[in-house]
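Each chain, written out:
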Amino acid sequence: MTPPNITTKRPSGRGIQPRKYRAIQRRDLDSLPQLSGLSTEELLGMKAVAAVLPFRVNEYVIEELIDWDAIPQDPMFQLSFPQPDMLATDDLAAMRQLIADDAPAAEQSALAHAIQLKMNPHPAGQMEVNVPRLEDGTPLPGMQHKYRETVLFFPSQGQTCHTYCSYCFRWAQFVGMDDLKFASREADSLRRYVTQHSEVNSILFTGGDPMVMNASLLSRYIEPLLELDHVLSVRIGTKSLAWWPYRFVTDNDADDVLKLFERVVKSGRHLALMAHFSHPRELETRVVQTAIRRIRDTGAIIRCQAPLVRNINDDPLVWTNLWKRQIVLGMVPYYMFVERDTGPKNYFEVPLARAYEIFNKAYRRMSGLGRTVRGPSMSALPGKVLIDGIAEVRGEKVFVLKFIQGREPSWAGRVFFAQFDEKATWLDHLKPAFGEKEFFFEPAMRDIKTHHRAPAWGDRSKFVKRLSEFGHVEWM
Ligand SMILES: *Cc1c(COP(=O)(O)O)cnc(C)c1O
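Numbering of residues starts from 1 in every chain and runs along the sequence as written. Since the coordinates come from a predicted model, pLDDT governs what is reported: local features require at least 70, and pairs of side-chain atoms require 80 or more to be given and counted, while whole-chain, interface and lining totals use all residues. Heavy atoms throughout the structure, all of them, feed into the side-chain values; hydrogens and water do not.

K.L.:
Which parts of the structure should I look at to understand the overall build of the protein chain?
P.N.:
Helix and strand counts for the protein chain come out as 16 helices and 11 strands. The reference for a compact globule is 2.2 Å times residues^0.38; the radius of gyration itself is calculated from the C-alpha atoms. Over its C-alpha trace the protein chain gives a radius of gyration of 23 Å, about what one expects of a compact globule, namely 23 Å for 476 residues. Overall size of the protein chain, expressed as C-alpha extent along the three principal axes, is 65 × 65 × 50 Å. The cut-offs for exposure are 20% and 50% of the maximum accessible area for each residue type, with area from a 1.4 Å probe on protein chains only; residues under the lower value are buried, those over the upper are exposed, and the others partly exposed. Out of the 476 residues belonging to the protein chain, those deemed buried represent 55%. A separation of at least 24 residues holds for 74% of the contacts in the protein chain among residues at least 6 apart in sequence. Measuring between centres, the 61 positive side-chain charges of the protein chain sit 6 Å from its 57 negative side-chain charges. Put simply, DSSP marks the helices as runs of H or I at least four residues long and the strands as runs of E at least two long, and each gets a number from the N terminus on. The contact criterion used throughout is that any non-hydrogen atoms of two residues lie within 4.5 Å. In this tally, Asp and Glu contribute negative charge and Lys and Arg positive charge; neither His nor the terminal groups of the chain are included. Charge placement uses NZ in Lys and CZ in Arg. For Asp and Glu, CG and CD serve respectively.

K.L.:
Would you mind showing me how to read the site of the ligand here?
P.N.:
Definition of nearness: a residue and a molecule or strand are near each other if at least one heavy atom of the residue lies within 4 Å of the molecule or strand. Near the ligand the following residues occur: Gln 144, Lys 146, Tyr 147, Thr 150, Leu 152, Arg 235, Tyr 334, Tyr 335, Ser 379, Lys 384 and Gln 405. What qualifies as a polar contact is a pair of N or O atoms within 3.5 Å, subject to a donor-acceptor requirement within protein and to the restriction that residues adjacent in sequence count only when both atoms come from side chains. Contact between the ligand and Gln 405: an oxygen atom at 3.0 Å from a side-chain N or O atom of the residue. Every accessible area reported is derived by Shrake-Rupley at a probe size of 1.4 Å, with residue values counting cover from the shown protein chains alone. Taking 390 Å² as the accessible area of the ligand by itself, protein coverage stands at 86%. Its atoms largely coinciding with the cavity grid, the ligand occupies the largest pocket. Think of a 1 Å grid over the protein atoms and nothing else: a 1.4 Å probe that fits but is trapped marks a cavity, an open set flanked by protein within 12 Å on at least five of seven lines marks a pocket, and residues with an atom within 4 Å of a point count as lining. Cavity and pocket membership follows a simple rule, namely that a molecule belongs there if more than half of its atoms are within 2 Å of the grid points.

K.L.:
Please explain the nonpolar core as it appears in this structure.
P.N.:
Side chains of a nonpolar character, in soluble globular proteins, are inclined to be buried together. By convention a nonpolar core is built from buried Ala, Val, Leu, Ile, Met, Phe, Trp, Tyr and Cys residues, the set being connected through side-chain atoms within 4.5 Å. Membership of the largest hydrophobic core comes to 108 residues, with the highest contact counts inside it found for Phe 81, Leu 241, Phe 248, Phe 261 and Phe 277. For this core, the leading source of residues is helix α1 (residues 40-52), giving seven residues. Other than its neighbours up to four places away in sequence, Phe 81 contacts Leu 29, Leu 32, Leu 35, Met 46, Phe 55, Val 57, Ile 62, Ile 66, Trp 68, Met 86 and Ser 166. Membership of the second largest hydrophobic core comes to 23 residues, among which are Ala 353, Val 385, Trp 411 and Phe 441.

K.L.:
Is there a simple way to think about the pattern of salt bridges in this case?
P.N.:
Note on pairing: side chains with opposite charge can pair once their charged atoms come close. Salt bridge, as applied in this entry: a Lys or Arg side-chain nitrogen positioned within 4 Å of an Asp or Glu carboxyl oxygen. By the definition in use, this model includes 20 salt bridges. Across the pair Glu 282 and Lys 239 runs a salt bridge whose closest N-O atoms are separated by 2.8 Å. Taken together, the positions of Glu 282 in the loop between β5 (270-276) and α11 (286-296) and Lys 239 in the loop between β4 (233-238) and α9 (240-243) put the pair 43 residues apart, joining distant regions of the chain. Overall, Glu 282 belongs to the buried group, its relative accessible area being 0%. A relative accessible area of 6% means that Lys 239 is categorised as buried. One salt-bridge network, in which partners are shared between bridges, spans Arg 19, Glu 63 and Glu 64.

K.L.:
Could you clarify how one ought to interpret the state of the cysteines in this entry?
P.N.:
Here, disulfide denotes a covalent bond that connects the sulfur atoms of two cysteines. By definition, disulfides here are pairs of cysteine sulfur atoms that lie within 2.5 Å. Applying the stated criterion to the full structure yields zero disulfides. With no disulfide partner, Cys 161 has as its closest neighbouring cysteine sulfur the one in Cys 168, 6.4 Å distant. Given a relative accessible area of 13%, Cys 161 falls into the buried group. For Cys 165, which is in no disulfide, the shortest distance to another cysteine sulfur is to Cys 168 and amounts to 6.4 Å. A relative accessible area of 11% means that Cys 165 is categorised as buried.

Purely spatial values, then, with no claim about function.
If you want it as structure tokens, here you go:
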């Protein structure tokens with residue numbers, strides 16, 4: 001038996017055939033060899049959906065993730081290719097007709113836009129309520145500061161993805177409805193804001209996907225934060241490990257990206273890749289496993305999250321296998337989300353009661369190492385709300401709900417109850433249990449919406465925890 005090679009610091013990625021990234025989009029649907037078995041009608045349906053919803057894949061997804069013998073049910077196909085039932089029957093028929101008639105482009109895009117507007121493009125006041133300001137009043141549209149400890153940052157060069165997920169809740173920005181007005185170019189305003197807010201200890205880069213940026217751009221955003229003593233962790237939300245693991249293995253600047261990760265870790269901070277994995281298939285290829293190994297060798301931690309979506313992962317076995325594989329590969333299961341009320345939600349939504357059942361069946365099969373995962377969780381306007389159980393209290397069947405993050409920090413950890421409802425798919429479908437008129441957080445939410453009142457964050461000075469206070473261990 002050959003002894004395991006423990007001296008190689010970073011698996012070189014040798015043996016992995018490099019690929020050059022190329023986006024495959026709507027205009028390529030006619031010429032993709034893998035689709036050549038489809039009828040003209042089927043292709044037309046796909047083109048109709050791709051006129052309304054974002055579509056982009058790449059060769060890795062097509063050649064290594066999708067099982068073409070199993071389409072259309074194949075989960076990777078469902079996750080990346082347009083499916084006719086994602087549009088309402090009438091909308092689909094109208095769009096198909098325009099394409100079949102070869103109607104003028106302007107007419108096609110006008111119809112597409114009308115359909116998009118019907119699909120709740122901006123759920124839950126996402127952006128309006130959470131835009132922070134500098135102390136001089138300057139609004140910072142490329143940021144969200146909703147929970148006390150964490151600032152979300154949307155770098156403008158990171159507002160696309162290597163492949164679009166068919167269920168994406170940020171779909172509207174990829175079809176050009178948002179004009180990227182929520183993105184920020186300014187590394188400096190991020191730094192200034194965080195400097196002014198000592199209660200913030202975690203910066204979360206998100207998108208789109210920040211990992212579409214090259215190493216030098218990434219470092220321009222990240223490195224200035226390493227000067228701030230109260231920034232304890234940096235997180236990068238990304239689907240690149242699933243959609244383009246070459247980013248960390250054979251891309252030109254893959255090594256530079258890993259060096260940047262190492263610098264963050266060496267600075268004494270926690271660097272977390274918040275990786276989006278929807279299905280265990282995404283963890284099976286050699287290149288993704290090499291990418292994971294290389295990232296872990298920098299000292300970064302990979303935490304995993306994904307929404308529960310019908311037709312893709314609405315099965316307890318899929319989640320068990322997903323979490324088990326994550327553990328084996330040294331990653332940490334983090335969140336299972338409830339799919340948001342936007343876009344093709346009718347196609348993807350899973351009732352909360354069913355979501356709880358799927359989560360719980362999968363959770364029961366995990367050892368404690370996998371029970372770091374929390375869910376099913378709704379990222380809603382008042383906070384992240386967990387469906388913690390279904391119970392009967394004095395004859396009334398109820399959902400036991402719990403805030404895992406609250407717009408008011410004091411809400412975190414608080415339990416509340418809603419009437420059980422087999423069909424409900426989102427928080428705003430639920431009614432308070434036990435005859436109560438409203439949920440405890442509703443008066444505060446009204447206040448926030450009408451007066452744009454900033455959340456009550458208490459005495460900040462109490463929360464200051466500086467890196468230097470911990471005593472920095474030189475460990476790499
Ligand atoms: C989920 C989320 C965060 C991060 O929450 P954690 O529980 O710390 O992972 C921060 N801001 C917003 C707006 C979020 O939705």
